[in-house]
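Tertiary structure, described
So the chains spell out like this:
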Amino acid sequence: MSKLIAGLFIVLVCCAFLVNAQQGRGTILGAVTDSTGAAVANAKVSIVNVDTNDTINAETNTDGFYTSPALNVGNYQVSVERSGFKKAVHSGIVLEVDQQAEINIHLEIGAVTESVQVTGEAPMVNTENGSLGQVIANRSVQELPLNGRNAFALILLAPNVHSNAGPLQSGFADRGTSLSDWSINGGPNSVNNMLVDGMVASNSYYPDLNADLAVDAVQEFKVQSGTMSSEYGFTLGGVINVATKAGTNSYHGTLYEFVRNNIFDSRNAFAAAELPFRYNQYGLAIGGPVKIPKVYDGKNKTFFFGNWEQYNYINDSQSITSVPIAAQRN
């Protein structure tokens, strides 16, 4: 039994390492100045993920600038300390996919034991590059009605996206080539790229999607186009940049089933009978800190998230037509 627990612990640690090694989703940067507008060098900057308590430490350079490494999307707090100044704390920062949130902080003269609290979201205006983008946030992913519950059907909410599949592009019956049949920024459908947590998830040969993520597994995604950074190669159209959900210090989960059935439908007025139709979509999702009783407590350190989903689809089709009457045949 102890060997089994030890084995599970090693697997969880390896998974945690792999999660930390994935490409980040956004960056927090800015300048630290005093009351006169002069740069404050060598100030200590702490960037804290509010949901996981993960802390990134940085320091301002000689020009007063600081920047973070790549960060997962989520809620953040930035605090700055420097001797001779009051501690400044900027909270309420919501970092989105591929966002470079500029958080400039002004320090006031005083003791470090004193603090100045500032609350406000990160600015939404992109001043760092020339790319265009539309973020489909988590609330839209979770609450908007989707026939088939595939989050990528919401790509059509971006203003520069055109569907080549028409109203059937919902992911209900076809979650592959039909769902990926977009034209972004006027480009053909085969030159778009999809990234899931920094990994390429598109098949340009068909084109097709190599990732069929459930609604409960997607945190948010961004439809990008225009003049993008060189890291987004392999595209003449646009990039779908997806961030999946991650565990936090609190346990959260869902257990669900969605049903469509012919017993809820009326008969076609021209059909002799009502044909069988069965669609059951069910699954579960759960995330939180990794805990092994009396062995390991992963709060503030190690997290997990998992989602499993399955759907069963039975559908019959019928043809309704007409034949010439006797007068027409004569």
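As a reminder, the structure under discussion sits directly above these lines.
Here the structure is a predicted model, which is why all the values come from computation and not from measurement.

Here we come to the overall build of the chain. For the chain, the count of helices and strands is three helices and 23 strands. Expressed as a percentage of its 330 residues, the buried residues of the chain come to 39%. Long-range contacts, defined as pairs at least 24 residues apart, comprise 66% of the intrachain contacts of the chain with a sequence gap of at least 6. For the chain, the accessible area works out to roughly 18,600 Å², and carbon and sulfur atoms hold 54% of it.

Moving on, we come to the packing of aromatic side chains. Applying the stated criterion across every chain, the model contains six aromatic pairs. Ring centres of Phe277 and Tyr313 lie 6.0 Å apart, and the angle between their planes is 70°; this geometry places the pair in the edge-to-face category. Pair noted here: Phe277 is in strand β20 (residues 277-289) and Tyr313 is in strand β23 (residues 303-315), with a separation of 36 residues, a long-range link. For Tyr313, a relative accessible area of 33% puts it in the partly exposed group. Ring centres 5.9 Å apart and planes at 40° place the aromatic pair Tyr279 and Tyr311 in the tilted group. With Tyr279 in strand β20 and Tyr311 in strand β23, the pair connects residues that are 32 residues apart, well separated along the chain. Overall, Tyr279 belongs to the buried group, its relative accessible area being 3%. Taken together through their ring pairs, the aromatic side chains of Phe277, Tyr279, Tyr311 and Tyr313 make up a single cluster.

The subject of this paragraph is the sheet that holds strand β2 (residues 44-49). Here we have five strands laid out as an open sheet, ordered β3-β2-β5-β6-β9, and mixed in their pairing. Edge positions in the open sheet fall to β3 (55-59) and β9 (115-119), since each of these has one partner strand only. Between one strand axis and the next, the sheet turns by 20° as a mean value, whatever way the strands run. Bridge count for strand β5 (residues 74-81) against strand β6 (residues 87-95) is six bridges, and the pairing is antiparallel. By the bridge assignment for β6, Val78 is matched with His90.

Moving on to unusual backbone geometry. Phi angles above zero are rare outside glycine, and Asn53 is one such case at about 65°. Inspection of the secondary structure puts Asn53 in the loop between β2 and β3. Residue Asn53 is classed as partly exposed on the basis of its relative accessible area of 41%. Positive phi is not limited to glycine here, since Asn185 has a value of about 60°.

Before going further, it helps to examine the side chain of Asp34. Its location among the elements puts Asp34 in the loop between β1 (26-33) and β2. Separated by 2.9 Å, the side chain of Asp34 and the backbone nitrogen of Ala38 make a polar contact. In contact with Asp34, not counting residues within four places along its chain, are Val40, Phe85, His106 and Leu107.

On to the nonpolar core. If you look at the biggest cluster of nonpolar residues, it comprises 25 residues, and the most contacted ones within it are Phe152, Ile155, Trp182, Met194, Phe221, Ile240 and Val242. With three residues, strand β17 (residues 218-226) is the largest single contributor of residues to this core. The next biggest cluster of nonpolar side chains, apart from the first, holds 20 residues, and it includes Tyr66, Ala88, Ile105 and Leu107.

Here we come to the pairing of strand β13 (residues 193-196). With burial as the criterion, each face of β13 is covered, one bearing Asn193 and Leu195 and the other bearing Met194 and Val196. Sheet topology places β13 next to strand β14 (residues 199-200); two bridges connect them, and they run antiparallel. Across the sheet, the residue bridging to Val196 is Met199, located in β14. Hairpin connection of β13 to β14: two residues between the antiparallel strands, including Asp197 at a positive phi of 55°.

Further remarks concern the sheet that holds β20. On the basis of which strands lie adjacent, the open sheet formed by three strands has the order β19-β20-β23 and antiparallel pairing. A strand with exactly one partner marks an edge of an open sheet, and here the two such strands are β19 (252-261) and β23. Between one strand axis and the next, the sheet turns through 5° on average, direction left out of account. Bridging between β20 and β23 involves 13 bridges; their strand directions are antiparallel. Paired with Ile286 across the two strands is Gly306, which belongs to β23.

This brings us to the pattern of salt bridges. A side chain of one charge can pair with a side chain of the opposite charge when the charged atoms of the two come close. Summed over all chains, the structure comprises five salt bridges. In this structure, Lys87 and Glu81 form a salt bridge, with 3.7 Å as the shortest nitrogen-oxygen distance. Using a relative accessible area of 33% as the deciding quantity, one classes Glu81 as partly exposed. Measuring nitrogen to oxygen at the nearest pair gives 2.9 Å for the salt bridge that ties Asp216 to Arg149. Of this pair, Asp216 sits in the loop between β16 (208-209) and β17 while Arg149 sits in the loop between α2 (138-143) and β11 (161-163), and the two are 67 residues apart along the sequence. Arg149 carries the same exposure label as Asp216, and that label is buried.

With that out of the way, let us pick up the environment of Phe277. Residue classification places Phe277 among the buried positions, given a relative accessible area of 12%. Apart from the residues lying within four places of it in its own chain, the contact partners of Phe277 are Phe172, Arg260, Asn261, Asn262, Tyr313, Ile314 and Asn315.

Rules used throughout
Each residue is numbered by its place in its chain's sequence as written, counting from 1. Per-residue local features of the predicted model are confined to residues with pLDDT of at least 70, and side-chain atom pairs are confined, for both listing and counting, to 80 or more; whole-chain, interface and lining totals are unaffected and use all residues. Just so you know, side-chain values use all the structure's heavy atoms and leave hydrogens and water out. Going along the chain from the N terminus, every DSSP run of H or I of four or more residues is numbered as a helix, and every run of E of two or more is numbered as a strand. Buried, partly exposed and exposed residues are distinguished by accessible area as a fraction of the type maximum, computed with a 1.4 Å probe on protein chains only: under 20%, between the cut-offs, and over 50%, respectively. Only heavy atoms matter for contacts: two residues are in contact if any of them lie within 4.5 Å across the pair. Each accessible area is a Shrake-Rupley result for a 1.4 Å probe, and residues are judged covered by the shown protein chains and nothing else. Ring geometry is summarised as follows: Phe, Tyr and Trp rings, the Trp one being its six-membered ring, pair when their centres sit within 6.5 Å, and such pairs are stacked at plane angles under 30 degrees, edge-to-face over 60 and tilted between the two. Think of it this way: DSSP has to see at least two bridges between two strands before they count as a pair. Each axis is a line fitted through C-alpha atoms, and for a helix only the stretch in contact is used; angles between axes span 0 to 180 degrees, taken between their N-to-C directions. Polar contacts, as counted here, are pairs of nitrogen or oxygen atoms within 3.5 Å of one another; within protein the pair requires one atom able to donate a hydrogen and one able to accept it, and residues that are adjacent in sequence qualify only if both atoms are side-chain atoms. Residues belong to a common nonpolar core when they are buried Ala, Val, Leu, Ile, Met, Phe, Trp, Tyr or Cys residues joined through side-chain atoms within 4.5 Å. Between Lys or Arg on one side and Asp or Glu on the other, a salt bridge is scored when a side-chain nitrogen of the former is within 4 Å of a carboxyl oxygen of the latter.

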